[in-house]
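Commentary on secondary and tertiary structure
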Amino acid sequence: MTILSALNSHYGRLERCGGVAPFGFSTESIAFALVLSPDGGLNSCRDLRDHTGRQPVGRAVTVPRSSKRSGTTPRAFFLWDNSKFVLGLGTGTGRPGVATYAAHAAAFHETHERLLDGAADPGLLAVLRFLRTWVPSRFGQHRLASALLDRNLVFQLDGDVDTDGHARFVHDRPAARAVWERQVGETDRPSAVCLVTGRIAPVARLHPLIKGVAGARLSGASLVSFNRNAFASYGKEQGDNAPVSEAAASNYGAALNALLARNSGTKMRFGDTTTVFWADASACGETSARKAEAVVSCALGFPRASAAYAAAFEGCWEGGDGYPEVIHIRRALERIDADLDPGTRIHILGLSPNGPRLAVRLWHETTLDVLLARLAEHWEDLRIEPRAWHRPPSPLALLQPVARRGDPETVPPVLGGEMMRAILTGGRYPRILLTAVLQRLRAGEPVTGPRAAIIRAVLQRDVRHRGCGRQAAPSFTTGMEVPVSLDRQEPDPAYRLGRLFALLENVQRAALGRVNASIRDRYLGAASATPASIFPLLLRNTSYHLAVLRRKSGTGGLAIWFEREMNEVMAGLDMTLPRHLHAESQGRFLVGYYHQRCARKPTRDAAKADIAVPDLPTDEG
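Here we summarise the structure given alongside this text. (Residues numbered from 1 in each chain as written. Predicted model: local features only at pLDDT ≥ 70, side-chain atom pairs only at ≥ 80, totals over all residues. Heavy atoms only, no water.)

Attention now moves to the pairing of strand S8 (residues 152-161). As paired strands, strand S2 (residues 32-36) and S8 are joined by five bridges and run parallel to one another. Pairing of Leu 36 across the sheet is with Leu 157, part of S8. The pairing of S8 with strand S9 (residues 167-169) spans two bridges and is classified as antiparallel. Bridging across to S9, Gln 156 finds its partner in Phe 169. If you look at the hairpin formed by S8 and S9, you'll find five residues sitting between the two strands, and Gly 165 has a positive phi there, around 85°. (Pairing = 2+ DSSP bridges. Helix = DSSP H or I, 4+ residues; strand = E, 2+ residues; numbered from the N terminus.)

Counted under the stated rule, the structure contains eleven aromatic pairs. Their ring planes at 10° and their centres at 5.6 Å tell us that Phe 78 and Trp 180 sit as a pair that is stacked. Pair noted here: Phe 78 is in the loop between strand S4 (59-64) and strand S5 (80-82) and Trp 180 is in helix H6 (residues 174-185), with a separation of 102 residues, a long-range link. Take Phe 78 and Trp 180: they sit in the same class, and that class is buried. Arranged with centres 5.5 Å apart and planes meeting at 25°, the rings of Phe 130 and Trp 134 form a pair that is stacked. For Phe 130, a relative accessible area of 0% corresponds to the buried category. Pairwise contacts between aromatic rings join Phe 108, Phe 130, Trp 134 and Phe 155 into one cluster. (Phe/Tyr/Trp six-rings, centres within 6.5 Å; stacked < 30°, edge-to-face > 60°. Buried < 20%, exposed > 50% of the residue type's maximum accessible area, 1.4 Å probe, protein only.)

Looking now at the packing of helix H3 (residues 102-115) against helix H4 (residues 122-133). Running from N to C, H3 and H4 point in directions that differ by 145°, and their axes come no closer than 10 Å. The two elements H3 and H4 cross, and the hand of that crossing is left-handed. For the pair formed by H3 and H4, the contact residues are Phe 108, His 109, His 112 and Glu 113 on the first element and Val 127, Leu 128, Leu 131 and Arg 132 on the second. A per-class count over the contact of H3 with H4 returns four nonpolar, two polar and two charged. (Axes fitted to C-alpha atoms, helices over the stretch in contact; angles between N-to-C directions. Left-handed = near helix turned anticlockwise from the far one by under 90°. Contact = heavy atoms within 4.5 Å. Nonpolar A, V, L, I, M, F, W, Y, C, P; charged D, E, K, R; others polar.)

The biggest cluster of nonpolar side chains holds 94 residues, and the ones touching the most others in it are Phe 313, Phe 501, Phe 535 and Phe 589. Counting residues per element, this core draws most heavily on helix H16 (residues 493-512), which supplies ten residues. Residue contacts for Phe 589: discarding those within four places in its chain leaves Ala 494, Tyr 495, Leu 497, Gly 498, Phe 501, Leu 524, Ala 527, Ser 528, Phe 535 and Leu 581. Ranked by size, the runner-up nonpolar core spans 35 residues in total, among them Phe 85, Leu 128, Phe 155 and Val 184. (Core = buried A, V, L, I, M, F, W, Y, C linked by side-chain atoms within 4.5 Å.)

Tracing the sequence through the fold places His 595 in helix H20 (residues 583-597). Here His 595 falls in the buried class, since its relative accessible area comes to 2%. Within polar-contact distance, the side chain of His 595 engages the side chain of Tyr 495 at 2.9 Å. In contact with His 595, not counting residues within four places along its chain, are Ile 384, Glu 385, Pro 483, Val 484, Ser 485, Leu 486 and Tyr 495. (Polar contact = N/O pair within 3.5 Å; in protein donor to acceptor, adjacent residues only side chain to side chain.)

A word on the side chain of Arg 168. Inspection of the secondary structure assignment puts Arg 168 in strand S9. Here Arg 168 falls in the buried class, since its relative accessible area comes to 18%. One polar contact links Arg 168 to Asp 160, side chain to side chain, over a distance of 2.9 Å.

For H4, spanning twelve residues, the distance from its first C-alpha to its last is 16 Å, which sits close to the expected 16 Å at 1.5 Å a residue. Within the span of H4, buried status applies to Gly 123, Leu 124, Ala 126, Val 127, Leu 128, Phe 130 and Leu 131. Its buried side turned inward, H4 meets S2, strand S3 (42-47), helix H2 (83-86), H3, S8 and H6. For H4, the capping residue at the N-terminal end is Asp 121, with a side-chain oxygen 3.0 Å from the backbone nitrogen of Gly 123. (Expected span 1.5 Å × (residues − 1).)

Attention now moves to the layout of surface pockets. For the second largest pocket, the calculated volume is near 340 Å³. Together, 18 residues line the second largest pocket, and Leu 14, Ser 264, Thr 266, Arg 290 and Glu 293 are the ones closest to its centre. For the lining of the second largest pocket, the secondary-structure elements that each account for two or more residues are helix H1 (3-17), helix H7 (246-259), strand S15 (273-279) and helix H9 (286-299). (1 Å grid on protein atoms, 1.4 Å probe; cavity = no way out; pocket = protein on both sides within 12 Å on 5 of 7 lines; lining within 4 Å. Points joined across faces, edges and corners; volume = space filled by probe spheres on them.)

The next thing to look at is the environment of Leu 206. The topology assignment puts Leu 206 in the loop between strand S11 (200-202) and strand S12 (209-210). According to the relative accessible area criterion, Leu 206 is partly exposed, its value standing at 26%. Through-space distance from the C-alpha of Leu 206 to that of Asn 227 is 10.0 Å; in sequence the pair is 21 residues apart.

Of the consecutive residues Glu 385 and Pro 386, the connecting peptide bond is found in the cis state with omega at -5°. Following the sequence through the fold, Pro 386 ends up in the loop between helix H12 (368-381) and helix H13 (415-425). Unlike most non-glycine residues, Asp 150 shows phi in positive territory, near 65°. Counting through the fold element by element, Asp 150 comes out in the loop between helix H5 (138-141) and S8. Its relative accessible area of 28% is what places Asp 150 among the partly exposed residues.

Below is the structure:
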């Protein structure tokens, strides 16, 4: 199923649940309502904004749909719009104070004179009378707040209420809806076979604006557009190049805007990629779809996730060896909800800004059970001891270790979408993920558990996929699996060199205590990349540090233990150290360093004999 057809189907589900505006309408942020008397006088101004947050935000109101305002001629909306159109006033551009917009106000007035010609409804007549008598100079007479400027406004007839006794806007009156529905049905657009529904219908010239994508224009960006001649073909313009009916375009736009709305529970940002997901209720029903969405929300670490399902995932994470298998996840979920359908289809869409348009970073269709299996595989690849996280890490948590000093804006732009694709498909992690972590470590940032876990995950998945698809770059790596915890029998030279570096650092710390710059601060990046030029120097310095430990009272046994550990590590190394390690081997070096640095030291009785440290051979070539 294509993106647009899946969103069009989701619109039908939202419409049945009352979660989306009907065809011809859209949900917009409205700040104020102008309360009119029947003769068109402005009685008051009603504030509709939500003031609970730091900044007041407009209320989401269903209004006659908006459209793009392309070109230089102002285009007005029906019975609502910005203050520049409704009042002819705004804050201006590049200058303080109130500015007038006569052309915008004239367009708004002309639109309503044309659409409401012959209207007899009291609310519609009040709007017409207001527009015929309003002049911008009256703004100060009514003491209207400057907060109205550049905000969306609607109209309300004073004292008008709906059947439930709530205040009703003019555009919600039956007469207003009838006028607008008649206007929506009238179109001069040519008909063609819709690429989404397969039916012959009028084709949308411009597709709806999509709002809520991080980094995109606040006014919205297009998912489908043809704004240059290079994108057109056979002399066609705009939407005629990819015919989608006006109804289908409106439907997919409304569905996607609902998914991207604030507090929707289906939206999360990974780097520059804003990701949404939804379940297909056509086969399993609305109840199963909602349950599946709650499970996916917990599994991917979305905010506002179900507490019960989140506890099930954490229970799997803490049980057994600390990392869940897919069967454990299923059992935990079945204990909470036996009616959960593992075959529910899930759609995941990732979008990122691309100027006036949106770029699709990720589009993935799967089922709930396959998604859980992929996530279990992902968590198993991240497995490392000591444990890097206390609960299943979300994809967003994997971006923090690659950010410069924790700043999310420094994450490589395409990394979020590529990483999500690897997690959902079980494919290789993006190579840029390993490169980004290595760059952070070379810049002097510490080798933390999350960074070591990411390195191991990238290498482990490469090992599993080796032999199919692209091959790993030639390196000093043996191609064996990457150990989860400290493996004293691991023969990989890069892993052993990482262990040796951790031992040398521990010897320095034990002998000298805290120093301004340890060997980790000075040499970790160079030692992992060019071992032959660094380790001879480090070993010469370590001999002095061991001598200090022998002279101190109570640390002679510790010196013996260090020498034994170093002997054991170097016994598995070749006589010639490599001049250079590729990125894969550098990753194994850092995993070995993390394992050895976090290993528990044996008891004092473990060292019984004084074992001399042999000279580390150097590369003579």
